[in-house]
Amino acid sequence: MIRRPAASAPVWTLRSPHRGTVQDLMRKHDVPELVAILLANRGYSPGEAVSAHMAPDLRKLHDPFLLPNMREATRVLRKSVEDGETILIHGDYDVDGVTGTVLLVRLLRLFGADVHWHIPDRFKDGYSFGDHSIERAKAEGAKLVISVDNGTSAIEPIAQLKAIGVKTIVTDHHEPPVSGLPEAVAIVNPKLRDSTYPFPELCGGAVAFKLAWGFCQEMSDGDRVKPELRQFLVDSMGDVAIATVCDVVPLVDENRILARHGLKALESSSRPGVKALLSTAGISNRALNAEDVSFQIGPRINASGRLATAARAVEVLLSEDDAEAARLAAELDTLNVKRREIERDVLVEAEADAKLYQDAQRYPVIVVAGQGWHQGVVGIVAARLVDKYARPALVIGLDGDMGRGSARSVPGFSVLEAMHGGAAFMPRYGGHSQAAGCEVMSESIDDLREAICEEARRILGGAGYPPPELAIDAAVPLTMIDQSLLNQVDRLQPYGQLNESPVLLSRDVRLAEPARVIGADGRHVILQVRQGDTVHKALAFGMANRVHELEMGIPIHLVHTPRWNTFRGQRNLELLVHDFAVGESPV
């Protein structure tokens, strides 16, 4: 008898890599069996790619001048700096745009340039270029605008800038529009249709880094960068690591190199802003991983853009004074706490509304709206609803008659395609298959819901969504999981898209003591699980509603990721629980 929750329970699948590939990896790369299994499950076979993955090398970064229009961009930028022109860095309000802006501002300050920066207001200005861009360029007297993480689609605003004598260099990583490209002096984007760049999956901050690297070569009058400029680039990889991890780009190839070395740069950074941010997040003076960036650094930077203005995050990272940086970082921390509180309140109301639409056949997409729901957190709340109901969700924050919404989807289903069905009710909408946004009048919410659900039913063709899958890398007895094994597995860090953290199954474990519900909101469970003489602490986030299933003496089958927990300088192994079953193991 398997005792599992019925609602949106994932289906466990145990991956089975080719045995010969695993043995070859063990023999040729001198790795333990579990590491070989993890590599094979991620598509690796013995060879140079494995060596590069296990030991990311800065020398393997691609030449920045392979990016389209890089030569022209660095030439224009050099002339602008040497002519003493005012330069405006035009970023974006997310982590990628903030860190890339900081990187380029610091670079140009190094050369004594007259440089200013501009971050659009999420609520007043919206994404990318607009009237606010032209006004800011005029106010600063800018002769050159450099975009970070946006601009490829800004055809009209960049034309207006050109009309008033302002040049634009676009650095971006988004797909180009089918309607054409803006009249910028250079568009540096690995996804341009004529691009031959070897790795197109860079984030916006990484493209800005490539411009900085190319400019440093230009100013060094050769392929080799001057030592002081090289040190700047190495230090700036910390900004790139934050952008790369938080923008959820594939952590392979160049991104893996930038993230691995960027994390090291963050650990050793002497910049007051970086030190203050790490200190406030409680992750100073220790080795950092991608999870630290995703759950500690990223949310603090994003909180400023979600609740106020992302300018505060830029100010923190640019600060050169320890006391000022500490004060600004504390303000970010306060905003992040407030963001969590607002998110929690909106989630409670959204979940209550979602109960009205539990019929998955009639409502294949959950569409909920609330007056006063903060528009800076609706995307996070939509993701929570997707996790709970295993269906796409569109959450709309209303401010009087007008609302802004954010949608998230399940794997394999395009929520944007479903939203096309409600185009008549949305003055503006867009995005991609897994995440989209929209504007809608409050009086149109019910019509929008019906239209989106009708289109979703058409797309699904009467079928429902497949249940979520929980892919398990390997079944490993709890008795085999120890610090030595985790040290070996850690060679695969940092984890992220296409290089996921290991997911293991430990069958037939028992509770060493009764499970305890923890957390301010009582949503989480802490366990002590044992097998033989081996006992490990395990954390099950969001599973307090299942604590009654965990009884002393009964066999438990635990799907988990082993990880390090550092507290007061002590590093201990613990298990992060993804799911569990009691009785007979599902696989």
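Described in the following lines is the structure provided in the data block. Every value quoted in this text rests on a predicted model; they were computed, and no experiment measured them.

### Observations concerning the side chain of Glu 574
Among the secondary structure elements, Glu 574 is positioned in strand 20 (residues 570–583). With relative accessibility at 3%, the residue Glu 574 sits in the buried group. Non-local contacts of Glu 574, meaning those with residues more than four positions away in its chain, are made with Lys 537, Leu 539, Thr 561, Pro 562, Arg 563 and Asn 565.

### Describing the nonpolar core
With 169 residues, the main nonpolar core has Ile 89, Leu 104 and Leu 385 as its most contacted residues. Contacts of Leu 385, omitting those with residues within four sequence positions, involve Leu 347, Ala 350, Glu 351, Ala 354, Ile 366, Val 368, Ala 390, Ala 393 and Val 395.

### Some words on the sheet that holds strand 7 (residues 186–188)
Ordered in space as 4-3-5-6-7, the five strands form an open sheet in which the pairing is parallel. Taken across any chain shown, the strands that pair with only one partner, and hence form the sheet edges, are strand 4 (114–118) and strand 7. Within the sheet, the average angular offset between the axes of one strand and its neighbour, ignoring direction, is 20 degrees. Looking at chain direction, strand 3 (residues 86–90) and strand 4 are connected through five bridges and run parallel. Of the residues in strand 4, the one forming a bridge with Thr 86 is Asp 114. Seen against the sheet, helix 5 (residues 95–110) touches strand 3, strand 4 and strand 5 (144–148) and runs at an angle of roughly 140 degrees to strand 5.

### Observations concerning unusual backbone geometry
Negative phi values dominate among residues other than glycine, just as trans dominates among peptide bonds. Between Gln 493 and the following residue, Pro 494, the backbone shows a cis peptide bond with an omega angle of 0 degrees. Positive phi, normally seen in glycine, also occurs at Asn 285, with a value near 55 degrees. Positionally, Asn 285 belongs in the loop between helix 11 (272–281) and helix 12 (290–307).

### Looking at the pairing of strand 5
Of all five residues in strand 5, five are buried; the element is thus mostly enclosed. Side-chain alternation along strand 5 places Leu 144, Ile 146 and Val 148 on one buried face and Val 145 and Ser 147 on a second face that is also buried. With four bridges joining them, strand 3 and strand 5 adopt parallel strand pairing. Bridge pairing in strand 5 places Ile 89 opposite Ile 146. When strand 5 meets strand 6 (residues 167–171), the two strands line up parallel, connected through five bridges. Directly across from Val 145, in strand 6, lies its bridge partner Thr 168.

### Considerations on a negative patch on the surface
On the surface, Asp 401, Glu 443, Asp 447, Glu 450 and Glu 454 cluster together to form a negatively charged patch. Tracing the sequence through the fold places Glu 450 in helix 17 (residues 445–460). Since its relative accessible area comes to 34%, Glu 450 is described here as partly exposed.

### Focus on the packing of aromatic side chains
The final tally for this structure, using the stated rule, is four aromatic pairs. Here the aromatic rings of Phe 209 and Trp 213 are separated by 6.3 Å at their centres, their planes lie at 50 degrees, and the arrangement is tilted. Placement of both Phe 209 and Trp 213 in helix 8 (residues 204–219) is noted, with a separation of four residues, approximately one turn of the helix. Ring geometry for Phe 413 versus Tyr 465: centroids 5.2 Å apart, planes at 85 degrees, classification edge-to-face. Of the two residues, Phe 413 sits in the loop between strand 10 (402–408) and helix 16 (415–420) while Tyr 465 sits in the loop between helix 17 and strand 13 (469–472), which places them 52 residues apart along the sequence. Accessibility expressed as a relative area gives 5% for Phe 413, which makes it buried. The ring of Phe 65 has Arg 71 sitting right over it, with the charged end atom 3.8 Å from the ring centre. Of note, Arg 546 hangs over the ring of Phe 580, and the distance from its end group to the ring centre comes to 3.7 Å.

Criteria and cut-off values
By convention here, each chain's residues receive numbers from 1 onward along its written sequence. The predicted nature of this model means local features are confined to residues of pLDDT at least 70 and side-chain atom pairs, given and counted, to a pLDDT of 80 or more, with totals for whole chains, interfaces and linings taken over all residues. As a rule here, side-chain values come from all non-hydrogen atoms in the structure, and water together with hydrogens is ignored. Helix and strand definitions follow DSSP, with helices as H or I runs of at least four residues and strands as E runs of at least two, each counted in order from the N terminus. We call a residue buried when its accessible area falls under 20% of the maximum for its residue type, exposed when it is over 50%, and partly exposed in between, using a 1.4 Å probe and counting protein chains only. Any pair of residues with heavy atoms lying within 4.5 Å of one another is described as a contacting pair. The term nonpolar core refers to a set of buried residues drawn from Ala, Val, Leu, Ile, Met, Phe, Trp, Tyr and Cys, joined through side-chain atoms within 4.5 Å. Two strands pair if DSSP finds at least two bridges between them. Angles here are taken between N-to-C directions and fall from 0 to 180 degrees, while the axes themselves are lines fitted to C-alpha atoms, restricted in helices to the stretch in contact. Surface patches are defined over residues having more than 30% relative accessible area and no salt bridge, joining like charges when they lie within 9 Å and nonpolar side chains (Val, Leu, Ile, Met, Phe, Trp, Tyr) when within 5 Å. Each accessible area is a Shrake-Rupley result for a 1.4 Å probe, and residues are judged covered by the shown protein chains and nothing else. Whenever Lys or Arg places a side-chain nitrogen within 4 Å of a carboxyl oxygen from Asp or Glu, that contact is recorded as a salt bridge. In this tally, Lys and Arg are treated as positive and Asp and Glu as negative; His is ignored, and so are the chain termini. Every charge is mapped onto a representative atom, which is NZ of Lys, CZ of Arg, CG of Asp or CD of Glu. Each pair of aromatic rings taken from Phe, Tyr and Trp, with Trp reduced to its six-membered ring, is defined by centres within 6.5 Å and is described as stacked if the planes are under 30 degrees apart, edge-to-face if over 60, and tilted in the remaining cases. We call a charge positioned over a ring when the NZ of a Lys or the CZ of an Arg lies within 6 Å of the ring centre and within 35 degrees of the ring normal.

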